[in-house]
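# Topology and contacts: notes
For reference, the chains in residue letters:
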Amino acid sequence: MSSTRRRTAPPPSTGRLERAEATLVDRYAHLVRLAYLTLPPELGRHRKVLVAQALVQRALPRLPAAALLPRQRTDGAAAEADWLYARVLRSALAYDRRPRGWPARVPPPRALRPRLPVVWGLRLTPHAGGAEEIALSRMLAEAPPAARAALALRCGDDMPDERVRELLLAVGEKDPDAALAAADDLRAHAGTDPRTLLGSAEFDACSVRTRPTDLLRRRHRVRLGCLVAAVTACGTVLTVSSSPAGPPEDARTRPVRAPRVTPDHLVHTSSAAWADTARVDFTAWPARGGRTDDDALLTRALDTWAAPPPGTAAAGTRATAPVPPTRGARLLYAGDVDGRAVVLLHDNDRVVRYSEPLDSPGRPSLVVARTDEAGVTTAAALVVARHDGAVRYLTAPWIAEAQTRDLLRPDTPGRPLHTTKDGITDAVRTPGTTGACSGVPVVQLRSSVRIVEKHAFLVTDLGGLTPTHLSYTPSPHSGAPARQPREATGPAALTAWARTACELRALRDDGVGVRAVNLWDFAEQDLPERGGRAVWSCTRVSTWAGTGDIQVHLRPPARTATTPARLVARDRSTAACSRFGQHVVASTAWTTDSGRRYVLAAGSRDIRRLTVTGDARATEDGNTLAVRAPKEATLTVRGRTAEGASVAAVGGPRAP
């Protein structure tokens with residue numbers, strides 16, 4: 001009797017495989033951190049931990065016949081390490097990519113994603129860091145994936161730039177120099193050395209803390225399971241002792257709903273909590289209003305949020321999770337405003353406004369807005385009522401003073417805005433959307449000295465549940481250092497906003513959730529033929545989702561302080577004019593009083609040279625340029641930074 005033995009092919013390069021396995025074990029925490037930092041922030045910390053572990057654990061299915069990197073290394077250990085880093089980095093960068101032609105709204109196929117480790121009943125998250133780690137985490141969330149990877153390799157693994165560039169090229173990154181430049185910006189704005197920050201527990205996806213998921217929901221399911229078992233047992237007994245009437249219904253096929261949230265589950269923050277906390281946001285708002293004890297109203301609000309009934313006027317900002325409230329939801333307000341009963345609730349990263357008519361027939365309404373990482377200014381007020389082109393705000397408990405002013409009248413002081421003891425303001429007109437732009441009303445709020453943030457700031461209504469914060473970044477010619485935007489309450493800020501304020505009417509919130517609008521005067525230029533001095537500005541509209549649109553304006557000398565600026569260019573869904581897009585170049589046509597035509601160009605603070613190509617050619621050192629150009633000329637303008645990076649003009653080639 002003979003037996004046939006199954007023949008299997010030996011693994012390729014067994015020695016290299018053993019070395020790679022040893023390297024993976026030795027560098028496991030570094031590889032997991034690289035994957036964790038590179039993965040999309042939208043996954044959330046729990047899922048990023050699991051995905052990062054899965055990507056590293058599946059990095060050794062087999063070894064390739066040839067080295068992955070373009071340059072061979074004589075050091076075998078270094079070659080295996082580079083191969084592992086490239087495998088993990090390639091998987092992390094490609095995690096959220098879709099095949100060519102794949103619908104944008106449909107998640108990538110499961111075949112492209114690794115099978116995750118099974119974790120039942122627990123949430124895994126890295127340990128919380130301090131303020132500097134949190135600030136770096138926010139900056140990383142806004143940076144491109146390749147930039148996050150470059151920073152992790154540089155500062156977390158002490159790799160030289162040449163090796164980082166080689167790794168990025170090996171995994172298909174087309175512009176590794178741009179990724180390294182973005183990593184430099186992250187490093188410059190981190191405050192503390194990123195080497196120290198990335199080594200903290202905030203970014204260690206191998207040292208995690210565990211928290212249970214919804215224990216109440218799990219307990220509810222256990223009770224339901226016991227009830228189902230008992231009913232099934234009784235059904236079996238009845239089936240045996242009586243004539244059969246068909247098989248019993250399988251209760252396991254019935255969906256288990258999330259536990260219903262009732263008014264008893266709502267959190268009521270004390271009225272003094274905001275003055276004794278380091279987290280000054282919506283979690284510090286107390287429950288206010290004359291109907292905070294109206295359980296019937298609160299029940300209708302919570303039930304409508306969980307499952308809006310037919311006829312409800314429901315609206316919400318994009319990228320806001322449409323999930324029911326949890327038992328940690330907070331009550332912010334419940335009362336009567338302008339003929340409607342209004343309830344404001346806060347749950348994790350969302351604020352919800354429910355309202356219903358008091359007497360007249362009408363349907364209830366529900367608005368859900370995203371408010372993650374709100375702060376002193378962006379959590380300073382909520383729109384509690386909107387009626388006939390006016391809004392009423394519910395101000396935060398730390399707001400000590402409120403005024404109204406018109407952006408088109410920068411020299412006119414603000415007028416006091418009456419606020420009730422519950423924080424409800426008088427009606428404030430909103431910027432109109434049609435007709436002549438005769439006024440742009442805004443609200444100026446001042447925070448209390450009790451939070452050591454005593455300062456005034458401007459907000460305006462652009463159609464969302466949260467008002468939009470207006471800020472200003474002065475020109476480098478003013479002598480102001482390069483730093484974050486300032487509040488738009490000073491004379492220079494109000495004068496600049498007066499020339500572009502009417503553009504706010506075109507920025508009405510259509511569901512994107514406008515968080516802030518910043519006006520940045522990035523350059524000044526002497527116009528040709530003694531035409532005076534003009535200012536170049538970039539207006540950035542930032543949303544709660546992180547995306548942003550920009551408009552570039554040129555403000556030449558004008559007869560009045562409110563003469564509209566000239567719109568030069570615009571761009572959508574861009575990082576330009578933000579902390580991660582600080583290099584800006586723009587150009588436009590200009591005709592002098594004598595009828596001569598020029599092309600004007602300007603760049604931001606770090607632009608050292610401007611070049612014009614096409615039907616006219618010119619190169620000028622500095623960050624401004626003016627050159628004669630023929631009519632209907634096609635031109636391309638580019639700038640170059642001190643580090644040698646090339647920056648294209650916003651909007652691409654422009655014809656004067």
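## Describing unusual backbone geometry
As a rule of thumb, non-glycine residues mostly have phi less than zero, and peptide bonds are mostly trans rather than cis. Even without a glycine there, the phi angle at Arg530 is positive, about 55°. Tracing the chain through its elements places Arg530 in the loop between strand 17 (514-526) and strand 18 (533-543). According to the relative accessible area criterion, Arg530 is exposed, its value standing at 85%.

## Here we look at the packing of aromatic side chains
Two measures describe an aromatic ring pair: the distance that separates the ring centres and the angle between the ring planes. Under the criterion given, the structure shown has three aromatic pairs. Relative to Trp285, the ring of Phe282 lies with its centre 5.2 Å away and its plane at 55°, an arrangement referred to as tilted. Since its relative accessible area comes to 1%, Phe282 is described here as buried. Every member of this aromatic cluster is reached through a ring pair, and the members are Trp520, Phe522 and Trp536. A cation over a ring is seen here: Arg288 above Trp285, with NZ or CZ 5.3 Å from the ring centre.

## As for the packing of helix 6 (residues 145-157) against helix 7 (residues 161-170)
It is at 10 Å that the axes of helix 6 and helix 7 come closest, and there the two elements cross at 145°. Regarding helix 6 and helix 7, the two cross each other, and that crossing is right-handed. For the pair helix 6 and helix 7, contact is made by Ala150, Leu153 and Arg154 and by Asp161, Val164, Leu167 and Leu168, respectively. A breakdown of the residues in the contact of helix 6 with helix 7 according to their chemical character gives five nonpolar, no polar and two charged.

## Quick word on the nonpolar core
One finds Tyr85, Leu89, Leu136, Leu151 and Leu153 to be the most contacted residues of the largest nonpolar core, which totals 54 residues. Every element with two or more residues in this core is listed here: helix 2 (28-38), helix 3 (45-57), helix 4 (76-93), helix 5 (131-142), helix 6, helix 7, helix 8 (176-189) and helix 9 (194-198). Per element, the largest residue contribution to this core is nine residues, and it comes from helix 4. Counting 40 residues, the second-largest nonpolar core is a separate cluster that includes Ala379, Ala381, Ile399 and Ile424.

## With respect to the environment of Leu84
As for its position among the elements, Leu84 is in helix 4. You can call Leu84 buried: its relative accessible area is 1%. Setting aside anything within four residues of it in sequence, one finds Leu84 in contact with Ala20, Thr23, Leu24, Leu31, Ala59 and Leu60.

## Quick word on the sheet that holds strand 9 (residues 390-395)
If you trace the three strands from one edge of the open sheet to the other, you get 8-9-12, paired in antiparallel fashion. Every other strand in the sheet has two partners, leaving strand 8 (381-387) and strand 12 (428-429) as the edge strands with one partner each. Taken together, the six bridges between strand 8 and strand 9 define a ladder with antiparallel strand orientation. The residue of strand 9 that forms the bridge with Ala381 is Thr395.

## So, the sheet that holds strand 21 (residues 585-591)
Strands sit in the order 21-22-25 across an open sheet of three strands; the sheet is antiparallel. The strands lining the two open edges of the sheet, one partner per strand, are strand 21 and strand 25 (624-628). The average angle at which neighbouring strand axes cross in this sheet is 20°, direction not considered. With five bridges joining them, strand 22 (residues 597-603) and strand 25 adopt antiparallel strand pairing.

## Focus: the state of the cysteines
Here the structure, examined in full by the defined rule, presents two disulfides. The disulfide that involves Cys437 links it to Cys502, with 2.0 Å between the sulfurs. Between Cys437 and Cys502 the disulfide shows an S-S torsion of about -95°. By sign, it is left-handed. Taken together, the residues span a long stretch of sequence, with Cys437 in the loop between strand 12 and strand 13 (441-447) and Cys502 in the loop between helix 12 (491-500) and strand 17 at a distance of 65 residues. Residue Cys437 is classed as partly exposed on the basis of its relative accessible area of 24%. Here Cys538 engages in a disulfide with Cys577; their sulfurs sit 1.9 Å apart. On the sign convention where negative is left-handed, the bridge of Cys538 and Cys577, at about 100° about the S-S bond, is right-handed. Here Cys577 lies in the loop between strand 20 (566-571) and strand 21 and Cys538 lies in strand 18, a separation of 39 residues in the sequence. Overall, Cys538 belongs to the buried group, its relative accessible area being 1%.

## Some thoughts on the confidence of the model for the protein
Of all residues in the protein, 78% attain a pLDDT of 70 or more, and the chain-wide mean is 81. Contacts for the low-pLDDT stretch residues 1-12, under 50 throughout, to residues beyond four places or in other chains number two contacts. Residue range residues 63-75 is modelled with pLDDT below 50. Its contacts to residues more than four positions away, or to other chains, number 27 contacts.

## Some details on the pairing of strand 23 (residues 607-614)
For strand 23 and strand 26 (residues 635-641), the ladder comprises seven bridges, and the chain directions are antiparallel. By the bridge assignment, Leu610 is partnered in strand 26 with Gly639. In this structure, strand 23 lies alongside strand 24 (residues 618-621), joined through four bridges in antiparallel fashion. The residue of strand 24 that forms the bridge with Thr611 is Thr619. From the end of strand 23 to the start of strand 24, which pair antiparallel, there are three residues.

## Some thoughts on the pattern of salt bridges
Think of it this way: side chains of opposite charge can pair up when their charged atoms draw near. Applying the stated criterion across every chain yields a total of 23 salt bridges. Residue Arg154 pairs with Asp184 through a salt bridge whose shortest N-O separation is 2.5 Å. In this pair, Arg154 is assigned in helix 6 and Asp184 in helix 8, connecting sequence segments 30 residues apart. The exposure class of Arg154 is buried, given its relative accessible area of 6%. Note on Asp184: relative accessible area 37%, which makes it partly exposed. Of the charged contacts, one joins Arg409 and Asp406 as a salt bridge, the two residues approaching to 2.4 Å between their closest N and O atoms.

The rules behind the values
Residues numbered from 1 in each chain as written. Predicted model: local features only at pLDDT ≥ 70, side-chain atom pairs only at ≥ 80, totals over all residues. Heavy atoms only, no water. Helix = DSSP H or I, 4+ residues; strand = E, 2+ residues; numbered from the N terminus. Buried < 20%, exposed > 50% of the residue type's maximum accessible area, 1.4 Å probe, protein only. Phe/Tyr/Trp six-rings, centres within 6.5 Å; stacked < 30°, edge-to-face > 60°. Lys NZ or Arg CZ within 6 Å of the ring centre and 35° of its normal. Axes fitted to C-alpha atoms, helices over the stretch in contact; angles between N-to-C directions. Left-handed = near helix turned anticlockwise from the far one by under 90°. Contact = heavy atoms within 4.5 Å. Nonpolar A, V, L, I, M, F, W, Y, C, P; charged D, E, K, R; others polar. Core = buried A, V, L, I, M, F, W, Y, C linked by side-chain atoms within 4.5 Å. Pairing = 2+ DSSP bridges. Disulfide = S-S within 2.5 Å. pLDDT = per-residue confidence, 0-100. Salt bridge = Lys/Arg side-chain N within 4 Å of Asp/Glu carboxyl O.

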